[in-house]
Structures are given as structure tokens and as C-alpha cells.
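Architecture at a glance
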Amino acid sequence: MRRKKTRAAAGPPAKSKAQLERERRANLQAIQEKSRILDQTQAKKKATLGQLNVIKEQLVVKQDVIQNISIQLHGIDTNVHQTAQQVLQTQHSLAELKDEYARLLYTASKTANGFNQLMFLFAADSFNQFVLRLRYVRQYTEERQQQAARIRGTQVRLHEQLTGLTQQQRRKGALLNTQLSENKSLLTLKTQQDEVVQQLGQQEQGLRAELAERQQAGERLDRMIAERVREEIARAARAARLAARREALAAARARSGSRTARGGDDEGPETAADRRASRVALTPETALVASNFAGNKGRLPWPVGRGFISQRFGRHPHPVLRHVVVENRGIDIQTGAGEPVRACFDGKVLTITSIAGMNTIVMIQHGDYFTVYAKMRSVSVSDGQRVHARDVIGTVAAGSDGTSELQFQVWHNSANLNPENWLGRR
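The structure contained in this document is the topic of the report that follows. Since this is a predicted model, take the numbers as computed values, not measurements. (Residues numbered from 1 in each chain as written. Predicted model: local features only at pLDDT ≥ 70, side-chain atom pairs only at ≥ 80, totals over all residues. Heavy atoms only, no water.)

1. A short note on the overall build of the chain
As a reminder, the rule being used: Each helix is a run of DSSP H or I of at least 4 residues and each strand a run of E of at least 2, with the numbering of both proceeding from the N terminus. Any residue under 20% of the maximum accessible area for its type is buried, any over 50% is exposed, and the rest in between are partly exposed; the area is computed with a 1.4 Å probe on protein chains only. Using the Shrake-Rupley algorithm and a 1.4 Å probe, accessible areas are obtained, with residue cover drawn only from the displayed protein chains.
If you tally the helices and strands in the chain, you get eight helices and 12 strands. When burial is assessed residue by residue, the chain has 36% of its 426 residues classed as buried. With the model as given, the accessible surface of the chain reaches about 25300 Å², and the carbon-plus-sulfur share is 51%.

Here it is in C-alpha cells:
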């Protein structure tokens, strides 16, 4: 019990072997995946931000691998220490058992022949004493046999502990070799990263031009999304207003008992009040969709099956250009060319359009939430189509530099949200 308390006070519970093995496999898969993406970005024989993004991500995964090995080594060291202590205790117990057995043998040797045992038994003063002495002789013999069995059992346990200790030491040696190899690989990646950064630093003019084009494309995308959201808010407000008007007229007809009352069929144009609305007016059906979408925050499936976040949400420094800050309304997920793009939740395709620098864009409505998928090569859905979570809606396009990435955004009415807070773990 003391050991458990000490371990709990020292920090979080240690990871199990199964958990460490799962993490090892996941890291191995991530390394292989990013290697494939890096191969695609290197096809142009020119340093690109896409290459730099992949190398940075590989460094993160590689560091996770090394940390995983360090945790395993720490666990082995702990087990080796505990096993060594158990070996010492077992050896001490074995020595005590052998000493006790030697004393039993010495005592037994004094009455080794049958004549001495008979003399001991028949020297009893009474029959009851004879019975007690007979029982004592039998118990003494049984104790000697049990002591011998305990010695054999302790020897077996000691052998198992020593075998386990040897296996742990071998496993530690293998892990140390793996750690050394991974450290060398990490240094190679860092060198590769420095080389790409140096090459990109020599392309400052091109990078600034590329950044300007990217910012302009992002601004065009922002305007398009804002306009579509405003249109949908106004449309829903008009629909809600007209529905309320029809209900009021129907109630008035019911009260008057007249079936010929007129005036409720003229829906009229969109009003200024409709255009001033700030939120999507929800019907019971769309309210349920919105509620389910909000309830799945942090659990939405990723829009692509493989890849990594190459540029995060919000403002952050440019990876190469000094004193330059870039802003992202969503996240960029770098992946392979032609990777299928999937809807992250049930909804309705609100619009499909194309913007220079963003390729084809699909915008899906989920009640008063919207998800946006940009930089797509092809689209397999149409305007107004109902889609379900994980339905394929198109494929990712490849940029002129060989980098393939999907721009993914999440909106709630007119508010731009961080998509990372909505997506589930990979």
C-alpha cells in the first residue's frame, strides 16, 4: 500500500505497456504517413513551406517516439530495481530455509536409526504420552519434508526472477539501441529542417508574393462566407416572419369562423428587418441539427482521413519571414493529393463556388452552424443536397508547389470559431 501512495504523490499514473504499444504504433503510422506527404512535396525539387511543415510535424512525432522510449526505459529500470530487490529477498529467504533445514537434518541424524526412535517412543510413561511422542515424530518428519519443498519452491521462484531480470536487461539494451537510432534520425531531421529554412530564406521575395496571394485569397473567401451567412440569416428571418404571419392569419380566421379571409397568401419581399437579423432563425428541425452539432463539440470526425494541421487557427508568426504575422480563419490540413474530403456532420450543402487561390469551396449548413471546405480539386455533391457525417463531398487539390492542403473552417452564425476545438482526436 505504501508503494501505491508514493507513486500517486509523485505524479500521474504510469502508462501501461498496452498504452505505450498503442502510442508506438500510432507514431509509426504517423511517420509513414508524413513521409508519403513529404515525398509528394519534394517532387518539385524546390524548398517549399509544405516541406517545412512536414519536417516540423515529423520532428514532433519523432520527439514523441523518443519520449515513449524514455518512459519504457524508466519503467524497465523500476522493474529491474524491484526484481533485484526481490532476488535479494528470495536469496536471503533461501539461505534461512537451508539453515533451518540443516538444523532439522542434524537433529534427525541423532535419531536416524530405528532403535533410537523406538527407545524414544517406548520410554513414554503412559499410553497417551506414547501417542503424543509418535505424533511428534511424524510431525517432525512432515516438517522436514515441507521444508525441503519450500526450498525447492524458493529455488524455482529465484530462477524465474533471475530469468525475468535477464529478459528485462536485454529489452533495455534493445530499447537503448532504438533510442540511439531515433536520436540520430532526429538530428538528421533537424539538419534537413535547417537546410529547408535556409533555402526558403533565399526565396524571401517569392515567399512575400506567395503570402500576399494567400492573404488575398483568404480575404475573398472571408467575404464569400460572410455574404452567404448573411443571406442565409436574412432568408431564415423572412421565412420565420412569413410563417408567423400565416399562423396569425389562420388563428384570426379560426376565431372569425370565416373561410374567405384574405391577405395571408401575399408573402411579400425581403424586408430591412430580415436583413438586420444577426442569427439564423431555426425551425424545430434545424434547431435539432444545430443542437446535435453543438453537442458533438470536440468529437467531430476529421474532414480528411490522413494528414496533419500545417497552419493553425488565429494569428501566428510566419515560419520563415521575420516580423511577419499571418492570420488564419480556419485550419490548414496538409495531406496527400486527391485525398477524399468528408462532411464532418449531417447538414445541407449551402453553396459550391470557386475562388482564385482557394480552388473549389463547399459550404455546408448545420442549423445555425456552418462548415467550410476549401482548396478542393473536385466536388461530388450539389447545391441543396442533404449530406451525412463522413459522406465524401470531393477531393483535395494539389498546389503548384506540390503541397496538398485543405482549408477547413467552422462558423456559428457570423462568429468564426476555432475548428481544432470541434474536431475529435485522431
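2. Section: the pairing of strand S4 (residues 331–335)
Stated precisely, the cut-off is as follows: What makes two strands pair is DSSP finding at least two bridges between them.
For S4, the buried fraction is high: five of the five residues fall into the buried class. Burial of S4 is two-sided: the residues Ile331, Ile333 and Thr335 facing one way and the residues Asp332 and Gln334 facing the other way are all buried. Inspection of the sheet shows S4 paired to strand S11 (residues 404–412) by five bridges, in the antiparallel sense. In the strand pairing of S11, Ile333 is matched with Leu406.

3. So, the packing of aromatic side chains
How two aromatic rings sit relative to each other is set out by the distance from centre to centre and by the angle between their planes. What counts here: When the centres of two rings from Phe, Tyr and Trp lie within 6.5 Å, Trp using its six-membered ring, the rings pair. Their planes under 30 degrees apart give stacked, over 60 give edge-to-face, and anything left gives tilted.
Within this structure, the stated rule accounts for five aromatic pairs. For the pair Phe293 and Phe345, a centre-to-centre distance of 5.4 Å together with 90 degrees between the ring planes defines the contact as edge-to-face. Here Phe293, found in helix H8 (residues 284–295), pairs with Phe345, found in the loop between strand S5 (340–342) and strand S6 (347–355); they are 52 residues apart in sequence, far enough to count as distant. For Phe345, a relative accessible area of 11% corresponds to the buried category. Ring pairs connect the aromatic residues Phe293, Phe345, Tyr369 and Trp422, which therefore count as one cluster.

4. Considerations on the pattern of salt bridges
The cut-off we apply is this: Whenever Lys or Arg places a side-chain nitrogen within 4 Å of a carboxyl oxygen from Asp or Glu, that contact is recorded as a salt bridge.
Per the stated rule, a full pass over the model turns up 14 salt bridges. Close ionic contact of Glu182 with Lys62 constitutes a salt bridge, the shortest N to O distance being 3.0 Å. Placement of Glu182 in helix H5 (residues 127–201) and of Lys62 in helix H3 (residues 49–110) is noted, with a sequence separation of 120 residues between them. The pair formed by Glu182 and Lys62 is uniform in burial state, with each residue classed as buried. In this structure, a network of salt bridges that share partners links the residues Arg214, Asp332, Lys375 and Glu405.

5. Let's talk about the environment of Val324
Heads up, the rule is: Note on contacts: a residue pair is in contact if any heavy atoms of the two residues lie within 4.5 Å.
Here Val324 is to be found in the loop between strand S2 (314–317) and strand S3 (325–328). Judged by its relative accessible area of 13%, Val324 falls in the buried class. When residues no more than four places from it in sequence are discounted, the contact partners of Val324 are Arg208, Leu211, His316, Pro317 and His318.

6. What about unusual backbone geometry?
One non-glycine residue, His323, adopts positive backbone phi at about 60 degrees. Tracing the sequence through the fold places His323 in the loop between S2 and S3. Unlike most non-glycine residues, Arg390 shows phi in positive territory, near 75 degrees. In this fold, Arg390 is placed in the loop between strand S9 (386–387) and strand S10 (392–396).

7. Description of the nonpolar core
As a reminder of what qualifies: The criterion is simple. A nonpolar core is a set of buried Ala, Val, Leu, Ile, Met, Phe, Trp, Tyr and Cys residues joined through side-chain atoms within 4.5 Å.
Formed by 28 residues in total, the largest nonpolar core has its most connected members in Phe293, Val341, Ile364, Tyr373 and Ile393. Within the residue set of this core, elements represented by two or more residues are H8, S4, strand S7 (359–366), strand S8 (369–379), S10 and S11. Ignoring any residue separated from it by four or fewer positions in sequence, one finds Val341 in contact with Pro303, Val304, Tyr373, Met376, Asp391, Val392, Ile393, Gly394, Thr395, Val396 and Leu406.

8. A word on the pairing of S8
Burial analysis of S8 places eight of its 11 residues in the buried class, the great majority of the element. Both S8 and S11 contribute to a ladder of six bridges, which runs antiparallel. Looking across to S11, one finds that Val372 is bridged to Gln409. For S8 and S10, the ladder comprises three bridges, and the chain directions are antiparallel. Residue pairing across strands places Met376 opposite Val396, the latter belonging to S10.

The analysis is restricted to geometry; functional conclusions fall outside its scope.
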